[in-house]
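# Observations on the model geometry
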Amino acid sequence: MEFHEHQQSLFSRPGVGLGDRAPRMEDDRLLTGRGRYVADIRRAGAVEVAFLRSQLAHAEIKSIDCEAARALPGVIGVFTAEDLDDVAAVPDFPDPDLARPVGTFPLCRGRVRYVGAPLAAVVAVDRYVAEDAVELLYADLEPLPVLASIDDALAPDAPRLYEDWPDNRLVDVRLEEDKDEAFDRLRTVSGSYYMQRHGAVPMEPRGTVASYEEDRLTVWTSTQFPHIARTMLHYVLGIAEGDIRVVAPDVGGGFGIKAQVYPEDYVVAWLARRLERPVRWIDDRYEHMVSAAQARDVRIDLEAAVHDNGEIEALRACVYHDVGSGEVFPNGFNPDFVAVASLTGQYRIPRQQSGVIAVVTNKTPAGAYRGFGLPESCFAMERLVDRIAQELGIDRVELRRRLTIREDELPYVTATGSELDSGSHLAALESVAERGAAVLAELRAQETSADIRYGLGYATYVEGVAPTYFGTTGHWTSQDACDIRFDPDGGVTVAVGISAYGQSVSTMVATVTAHELGVPLEDVRVVMGDTDRAPYGLGAWGSRSTIVASGAIHRAAVELRAKGARIAAHLLEAAPEDIEFADGRLHVAGTPNASVSWSDIAHAALIRIHDLPDGVEPGLETKATYAPPGIQHVPREDGRMNACPTYTNASHSVVVRVDLGTGDVHVARYIVAHDCGRVLNANIVDGQIQGGVAQGIGGTLYEEFAYDDAAQPLATSFMDYLIPTASEIGPMEIVHFESPAPGLPWGAKGAGEAGIIGPAPAIATAVEDALSEFGIDEIVATPITPRSILGALRSARELGAVS
Amino acid sequence: MKPPPFAYARAGSVEDAVELLAADEDAKVLAGGQSLVPMLNFRFARPSTLVDVAHIEALRGIERRNGVLAVGAAVRQLDAERSPLVAEACPLIGQALRHVGHLQIRSRGTIGGSVAHADPAAELPAVALALDAELVAAGPAGQRVIAAQDFFVGPYMTTLEDNEVLVETRFGVLDARTAFVEYARRSGDFAQAGIAVAVTYEADGVTVALARLAAMGIGSAPRRLTVTEERLQGERLTEDLIGRAAAETEIVGEVHDEPTLSYKTDLLRTLLTRGLREVTA
């Protein structure tokens, strides 16, 4: 319980800070147009890049004719894989038994495997000329047979994407042949659930600017993990890490897609070194839609062995994932293991058998997107629970109530090894069920149109946060770091290894630092996103930032406070153990007038070191790292594994309004009961949940990276890729439960993915509820579209007419 | 997403615009730019010259004369939407414009631009069709008038010649009750389907004298539902009649596979029902 006592006392302190609904410190700057993004990085003499991208999904590259493009006035150079012959392949996952090596190079060599794959880079005086020159490039491509789906890739005679593989399975962890004996003994309920390909489309797409000066490479890039990006650039370009500086300026949204290093990033850095001048590439929305990592495209087959009362004794699960070409490291298969480990959610399911089959196809490579396997697994599991409820004739909420682990069962170890340490699982469920029923009744009573039906749906889940992760550099890891230094005037600069992309981590870091040190918030400056200025860290993903940064800050603060107390005691002629921290000053307990400021302490430590007591070193700066406790970084002998230090839980309910005439599904009310332990700033957590729910609604009703049979992308602009706007989201209600995480800083858990996990299953069951009079109860796939609803209603009418 | 190189010419008058078009066979008319500019950025369209007609004063008027509402081609959609004259003479135009994109788009987009672009899911072509509009085109040989029925021939295809400029749309002024109903997946999107409805009544106030029904988003171009129109004529527009007329309405003359045909048909019947309910006396 490293954190508790000290932090409990700080937490209760009133004022702007921890536990308050304090305003976000970033907002004023970002909302008044003073943000500085990659596209705002202007370097004298910079030239622009445009890429020739494959228009075919699968082809052999015969040749690329660059002559006409090179001759165009304003073109500085045209580069293909032949020119980039001094780069190493992007590293593959180090265990070939788990994931087959892909061996990708920044520009395609030999083959293209998806529409949008970069074939050549044109450098020109501006982007207009660069795009004109791209049109003059001629790539002679010999078409190859195309794989456009999981089934295509798994077909026995399927053509192979990688010639040295025996099949198209990037990952192939098979289900055991022997079924759990419970399946012989009990009723079995099964289903196959598919979530369509969609992904993150942040306001700011990707972009990289690089310069090479005085033997040093500087790369400004829109990334969630500058240090990892630096390590990857080192691997591929062969430049020492100390000779690379990676800077993430303001990042206009990431949601996971910027926790990948992309081909273009390597190429731009390579070009800056080759040309010895600044090089700039800012992608446009078309490029984004075909080249930024996409997500989901997952089918989960589930089978449960079920007692008559609905209790589930055993589960069999196989996750099938279309990871596209797999050519963006780390290949996109990691969410599948999160999906497997998250299926049981908050339910008491003693045993689980699991398989994961990730296949490569001719689509844009898959990668991280908010939720990271959880939306898929929650959709599958919650749909199966609804199915069980229906088959057994048990009310949907009552069944969930029976399945949910009770408080007296905590800590509870799930079938796959997750250690659920704390939570409000049942209370959150009851809360949203009650509120949802009330809202449903209210909306039904107000409705006057005969064409409108309302329905209520639910979803529950637990979200592992701050996990260990092998995707970042190919090795398991979970730590982060901070560096806190005082200036003589008492100001504090805290540098952290996490990264900001709109989720308000600056506010969190500053508030935590101010509280830990007992200094005013306005005296704290936060540094992050710069490998020259911040300590090595893994960046921001996996709902980890609050936990890992707070842990490191706490450790550094403990040391700084101890040192401050010794210096203060010396200056005030008191004992160090009598020094108290309050109102930005260090006081002697019981002597109200005896106090010094942090500036006095810093002066002694940095300017007048003769004021220091014996044995106290000059300087007032501390570095600390923190790896959350309790994490297993590799699976245990029995295959189980606890990948996270704690688990956030939530229940969602939703009331949908279905228009029988148009098939329109509108989210009339969305209700979230959320428990991320101690809420440090409810404004920030609410924002995370609201944004997540909005994206979840998008993924359930609107967003789809659709492809045709030739694996040609059909959604390459916001005309075709529909993101929900404020009109489509509907009102939201959020309730916070607070079950502190034992042994973690502040008892706080993560909240980054929370909102996006529940909408798909909650909306699906709500739609079925709304349409129950028509017997529509077979929603097993997303997106749920007006066309599919009208089609189901038509079928129901026709069936009704026959019977 | 940068356009290929093009020349830009701002036309000072209709004659000027016609001359500029005649001088370059790959020239294209630019008005509000709300459809053309994205197409340029995608390099789907690559005109050598853009002839900007948005500043021609003669194209910016709204006038009621001889039983028609004449709207200049360069009138901004938002200006038409807010015009009392339009609201009084042809309320259907305002009813439809509210569904066109978003406010920002309507503040740039023009009436003539939308009509000439002829997106099969656009609202204004359906309105033009419902109100038996006449399209006035200016070309090297002078002006000619084209009936809306003869104007929209396919997706993004009209009978306007490459060397002609759309000058004016003359919407018929009817003493009708009107409604515009559409369904789009998101607010501001191009519709999945929509219908412009104008119904005039006999002196008794309940018997349909004339029904004009123009559907869009159901195929390659907006279409009048002539069979349904005739079905309603001379009948009292009751809930029962609306139900029967809608159920009997089919999409004709379009090539759709299933389940698209069923989907569009179901949707059209819903929208027709709702549109007719809005205009019942």
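Model, not experiment: these values are computed from the prediction. (Residues numbered from 1 in each chain as written. Chains lettered and ligands numbered in written order. Predicted model: local features only at pLDDT ≥ 70, side-chain atom pairs only at ≥ 80, totals over all residues. Heavy atoms only, no water.)

### With respect to the overall build of chain A
- Helix and strand counts for chain A come out as 21 helices and 28 strands.
- Scaling as 2.2 N^0.38, a compact globule of 803 residues should have a C-alpha radius of gyration of about 28 Å, and chain A matches this with 28 Å.
- Projected onto its principal axes, the C-alpha positions of chain A cover 95 × 70 × 55 Å.
- Taking all 803 residues of chain A together, 63% fall into the buried category. (Helix = DSSP H or I, 4+ residues; strand = E, 2+ residues; numbered from the N terminus. Rg over C-alpha atoms; globule rule 2.2 N^0.38 Å. Buried < 20%, exposed > 50% of the residue type's maximum accessible area, 1.4 Å probe, protein only.)

### Examining the interface of chain A and chain B
- Each partner contributes residues to the interface: chain A has 29 residues there, and chain B has 24 residues.
- Roughly 2400 Å² of surface becomes buried between chain A and chain B when both sides are summed, with 50% attributable to carbon and sulfur atoms.
- The tally of links between chain A and chain B comes to eight salt bridges.
- We note a salt bridge from D132 of chain A to R43 of chain B, for which the minimum N-O separation is 2.7 Å.
- If you list the elements that add at least two residues to the side of chain A that touches chain B, you get α4 (127–136), α9 (285–291), α17 (682–702), α18 (726–729) and α21 (786–802) of chain A. (Contact = heavy atoms within 4.5 Å. Buried area = accessible area lost by both parts, 1.4 Å probe. Salt bridge = Lys/Arg side-chain N within 4 Å of Asp/Glu carboxyl O.)

### Here we look at the sheet that holds strand β13 (residues 295–306) of chain A
All names here are of chain A.
- With mixed pairing, five strands are arranged side by side in an open sheet as β7-β15-β14-β13-β8. At either end of the open sheet lies a strand with only one pairing partner, and these are β7 (169–173) and β8 (187–198). Direction aside, neighbouring strands of the sheet carry axes that sit 10 degrees apart on average.
- Strand direction decides the pairing type here: β8 and β13, joined by 11 bridges, are antiparallel. Directly across from R187, in β13, lies its bridge partner V306. (Pairing = 2+ DSSP bridges. Axes fitted to C-alpha atoms, helices over the stretch in contact; angles between N-to-C directions.)

### Quick word on the nonpolar core
- If you look at the biggest cluster of nonpolar residues, it comprises 129 residues, and the most contacted ones within it are L302 and I763 of chain A together with L276 of chain B.
- Top contributing element to this core by residue count: helix α11 (residues 374–392) of chain A, with 10 residues.
- Leave out the neighbours within four places in its chain, and I763 of chain A touches V654, V656, V665, V667, I697, T700, L701 and I784 of chain A.
- By size, the runner-up hydrophobic cluster in this structure holds 53 residues, among which are V505, A556, I567 and A604 of chain A. (Core = buried A, V, L, I, M, F, W, Y, C linked by side-chain atoms within 4.5 Å.)

### Digging into the pattern of salt bridges
- The final tally for this structure, using the stated rule, is 84 salt bridges over all chains.
- Across the pair E733 of chain A and R435 of chain A runs a salt bridge, and its minimum N-O distance is 2.7 Å. Of this pair, E733 of chain A sits in strand β28 (residues 732–737) while R435 of chain A sits in helix α13 (residues 425–446), and the two are 298 residues apart along the sequence.
- For R106 of chain B, the salt bridge identified is with E81 of chain B, shortest N-O distance 2.7 Å. With R106 of chain B in helix α6 (residues 103–108) and E81 of chain B in helix α3 (residues 77–81), this pair connects stretches of sequence that are 25 residues apart.
- Residue R106 of chain B is classed as buried on the basis of its relative accessible area of 8%.
- Salt bridges sharing common partners tie together R53, R127, E131, D132, E135, R206, E264, D284 and E287 of chain A together with R43 and R46 of chain B.

### What to know about the confidence of the model for chain A
- Across chain A, pLDDT averages 94, with 97% of residues at or above 70.
- Counting interchain partners and residues more than four positions distant, the pLDDT-below-50 stretch residues 10–16 of chain A has 14 contacts. (pLDDT = per-residue confidence, 0-100.)

### Thoughts on the packing of helix α14 (residues 505–517) of chain A against helix α15 (residues 545–572) of chain A
All names here are of chain A.
- As a packed pair, α14 and α15 sit with axes 9 Å apart at the nearest point and diverge in direction by 30 degrees. One element, α14, and the other, α15, form an angle in the roughly parallel class. Between α14 and α15 lies a crossing of right-handed hand. From α14, V505, M508, V509, V512, T513, E516 and L517 reach across to α15, where they touch S545, T546, A549, S550, I553, H554, A557, L560 and R561.
- When grouped by side-chain class, the residues that make up the contact of α14 with α15 number nine nonpolar, five polar and two charged. (Parallel < 35°, antiparallel > 145°, perpendicular 65-115°, else oblique. Left-handed = near helix turned anticlockwise from the far one by under 90°. Nonpolar A, V, L, I, M, F, W, Y, C, P; charged D, E, K, R; others polar.)

### Re helix α7 (residues 226–237) of chain A
Residue and element names in this part refer to chain A.
- Taking 1.5 Å of rise per residue, 12 residues should cover 16 Å, and α7 covers 16 Å from first to last C-alpha, within 8% of that figure.
- Taken across its 12 residues, α7 has 10 buried, putting it largely inside the fold.
- For α7, every residue scored as buried is listed here: P226, H227, I228, A229, R230, T231, M232, L233, V236 and L237.
- The inward-facing, buried residues of α7 contact β10 (216–221), β11 (244–247) and α8 (263–275). (Expected span 1.5 Å × (residues − 1).)

### Some points on unusual backbone geometry
Residues and elements named next belong to chain A.
- Along the chain, F329 connects to P330 via a cis peptide bond; the corresponding omega equals 5 degrees.
- Note that the residue after L410, namely P411, is joined by a cis bond; omega there is -5 degrees.
- Tracing the backbone shows P411 in the loop between α12 (396–403) and β16 (412–413).
- Its identity is not glycine, yet S504 carries a phi of approximately 70 degrees, on the positive side.
- One can find S504 in the loop between β20 (492–496) and α14.
- The backbone phi angle of S543 is positive, close to 50 degrees, even though this residue is not glycine.
- Mapped onto the fold, S543 is located in the loop between β21 (524–527) and α15.
- Look at S543 and you get buried, because its relative accessible area is 11%.

### Quick word on the packing of aromatic side chains
All names here are of chain A.
- Scanning the model with the defined rule gives 11 aromatic pairs over all chains in all.
- A ring pair is formed by F51 and W281, whose centres lie 5.7 Å apart and whose planes are at 85 degrees; its orientation type is edge-to-face. Linking F51 in strand β1 (residues 47–53) with W281 in strand β12 (residues 279–282), this pair joins segments that are 230 residues apart in sequence. One exposure class covers both F51 and W281, and it is buried. (Phe/Tyr/Trp six-rings, centres within 6.5 Å; stacked < 30°, edge-to-face > 60°.)

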